[in-house]
Amino acid sequence: MIISLGAILEIAEARNIAIAAFNVTTLEGVEAVLAAAEELNQPVILQFANAAHSGFISMDVIGSVMVDMAEKSTVPVCVHLDHGANFAEVQQALELGFSSVMYDGSTLSFAENVANTRAVVELAEAYGASVEAEIGSMGREEFASAGADDQDEIESCYTDPDQAAEFVAETGVDALACSFGTVHGIYVKAPKLDIERIGEIREKTGVPIVMHGGSGISDEDFRKCIEQGVRKINFYTYAAKDAGAYIKEKLNQQEGNVYFHDIAVWGRESMKKTYMDTIKVFSDLK
Ligand code: 13P
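Everything quoted here is computed from the prediction, not taken from an experiment.

What counts as what
- Residues numbered from 1 in each chain as written.
- Predicted model: local features only at pLDDT ≥ 70, side-chain atom pairs only at ≥ 80, totals over all residues.
- Heavy atoms only, no water.
- Buried < 20%, exposed > 50% of the residue type's maximum accessible area, 1.4 Å probe, protein only.
- Helix = DSSP H or I, 4+ residues; strand = E, 2+ residues; numbered from the N terminus.
- Pairing = 2+ DSSP bridges.
- Right-handed = clockwise from strand over helix to strand, strands pointing away.
- Near = heavy atom within 4 Å.
- Polar contact = N/O pair within 3.5 Å; in protein donor to acceptor, adjacent residues only side chain to side chain.
- Areas by Shrake-Rupley, 256 points an atom, 1.4 Å probe, with all protein chains shown as cover.
- Nonpolar A, V, L, I, M, F, W, Y, C, P; charged D, E, K, R; others polar.
- Phe/Tyr/Trp six-rings, centres within 6.5 Å; stacked < 30°, edge-to-face > 60°.
- Lys NZ or Arg CZ within 6 Å of the ring centre and 35° of its normal.
- Contact = heavy atoms within 4.5 Å.
- Disulfide = S-S within 2.5 Å.
- Axes fitted to C-alpha atoms, helices over the stretch in contact; angles between N-to-C directions.
- Left-handed = near helix turned anticlockwise from the far one by under 90°.

The next point concerns the pairing of strand E4 (residues 100–103). In summary, the side chains of a regular strand alternate between the two faces of the sheet. In E4, alternate side chains face the same way, and those of Ser100 and Met102 on one face and Val101 and Tyr103 on the other are all buried. Two strands pair when backbone bridges link them, and strand E3 (residues 77–84) and E4 are joined in this way by three bridges, in the parallel orientation. Each residue of the ladder has a partner; that of glycine 84, found in E4, is tyrosine 103. The parallel pair E3 and E4, bridged by helix H5 (residues 87–96), forms a crossover whose chirality is right-handed. Pairing analysis gives four bridges linking E4 to strand E5 (residues 130–135), with the strands arranged parallel.

Next comes the structure, spelled out in structure tokens:
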């Protein structure tokens, strides 16, 4: 069944866990996420990052599949737009039946981010959907791949707890994506997380915290972040990378013709395994 981000994060809060939010770019990805969540009987978030992944598949196509399959699922599923870039994209997701949207105004001035996010909250309310927004800045462009080693420079992008509290009070968002040391994609050096900052932001804002850039974080750090109030963890790169490695291995063993349908099935098998392993960590299951 489809439920909103607000509702799924209430489950997370009650159980002191984080809900896995997996980005999907293919039908096999959607199938793998739902199969993993159903086998473990855990809630899950299916998300599409149109800004990053529209070159692989259009939101109209994958979004309809996400909503349809989520509705038929036996576990609670939130269908979410990741890193919504503008109102048109947000509206498109809501029209498709997404139960949650992220509006990412993190590169704008504070005042513009507040004004745009508030407008998105009003729009989403009309559809009964939730809203995630971002304060602070995280992303490979900012520092990781640029190879910045100046820790002060890196930390200057982290979310300021007081500013986050003002942002949440003025916008009424359901969840807040924060910067505390994670980045999207592959880490060029081991991440050093400011875990205490999470607790401070959680306390001052009163809303669940979202971790972006889940790939490459240790199980121990995941658990520490969850203890401090992280309730949604975005995860994509490692599932895609592991599926690619698995397909490569299978192809190396294959003699004769290679059929695309086999590649799709191998991809789904690998992603399902990665998703199950990840959900187990976030839900503290053995
Ligand atoms: P990774 O690709 O680093 O796991 O991050 C995913 C993400 O944060 C999507 O918003």
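Now for the site of the ligand. Within the structure, the ligand sits among 14 residues, and Asp82, Gly213, Ser215, Tyr236 and Thr237 are positioned closest to it. Within the side chain of histidine 212, an N or O atom sits 3.1 Å from an oxygen atom of the ligand. Here the ligand has 310 Å² of accessible area as a free molecule, and 95% of this is covered by the chains. Class assignment of the residues belonging to the shell around the ligand gives a composition of three nonpolar, ten polar and one charged.

The next point concerns the packing of aromatic side chains. Under the definition given, this model contains five aromatic pairs. For the ring pair phenylalanine 22 and tyrosine 275, a centre distance of 4.1 Å and an interplane angle of 40° mean the geometry is tilted. In this pair, phenylalanine 22 sits in strand E1 (residues 19–23) while tyrosine 275 sits in helix H13 (residues 260–282), placing the two residues 253 residues apart along the sequence. According to the relative accessible area criterion, phenylalanine 22 is buried, its value standing at 0%. Accessibility expressed as a relative area gives 1% for tyrosine 275, which makes it buried. On the numbers, 4.8 Å between centres and 70° between planes, the contact of phenylalanine 222 with phenylalanine 282 is edge-to-face. In this pair, phenylalanine 222 sits in helix H11 (residues 219–228) while phenylalanine 282 sits in helix H13, placing the two residues 60 residues apart along the sequence. In this structure an aromatic cluster arises from ring pairing among Phe22, Phe235 and Tyr275. Sitting over the face of the ring of tyrosine 238, lysine 241 holds its NZ or CZ atom 4.6 Å from the ring centroid.

Attention now goes to the environment of glutamate 28. In this structure, glutamate 28 sits in helix H2 (residues 27–40). Note: C-alpha distance between glutamate 28 and serine 109 (81 residues apart in sequence) is 38 Å. Once you skip the residues sitting within four places of it in the chain, glutamate 28 turns out to touch Ala264, Arg268 and Met271.

It is worth spelling out the side chain of asparagine 234 at this point. Mapped onto the elements, asparagine 234 comes out in strand E8 (residues 230–235). At 3.5 Å, the side chain of asparagine 234 and the side chain of glutamine 47 are in polar contact. Looking at asparagine 234, its side chain comes within polar contact range of the side chain of histidine 212, at 3.1 Å. Those residues within four positions of asparagine 234 in sequence are excluded, and the remaining contacts are Ala21, Gln47, Asp82, Val210, Met211, His212, Gly213 and Gly214.

Let us look at the state of the cysteines. Scanning all chains against the criterion turns up zero disulfides. Note on cysteine 225: no disulfide assigned, nearest cysteine sulfur contributed by cysteine 178 at a separation of 11 Å.

At a closest axis distance of 9 Å, the pairing of helix H6 (residues 110–126) and helix H9 (residues 161–171) adopts a crossing angle of 35°. In terms of crossing hand, the pair formed by H6 and H9 is right-handed. Residue-level inspection shows Phe110, Asn113, Val114, Thr117, Arg118 and Val121 of H6 in contact with H9, the latter providing Gln163, Glu166, Phe167, Glu170 and Thr171. Here the residues of the contact of H6 with H9 sort into four nonpolar, four polar and three charged.

With that settled, consider the sheet that holds E5. Strand order in this closed barrel of eight strands is E1-E2-E3-E4-E5-E6-E7-E8, and the pairing throughout is parallel. For this sheet the average axis-to-axis angle between neighbouring strands, irrespective of direction, equals 25°. Across the sheet, H6 touches E4 and E5, and the angle it forms with E5 is around 170°.

Just distances and angles here, no functional claims.
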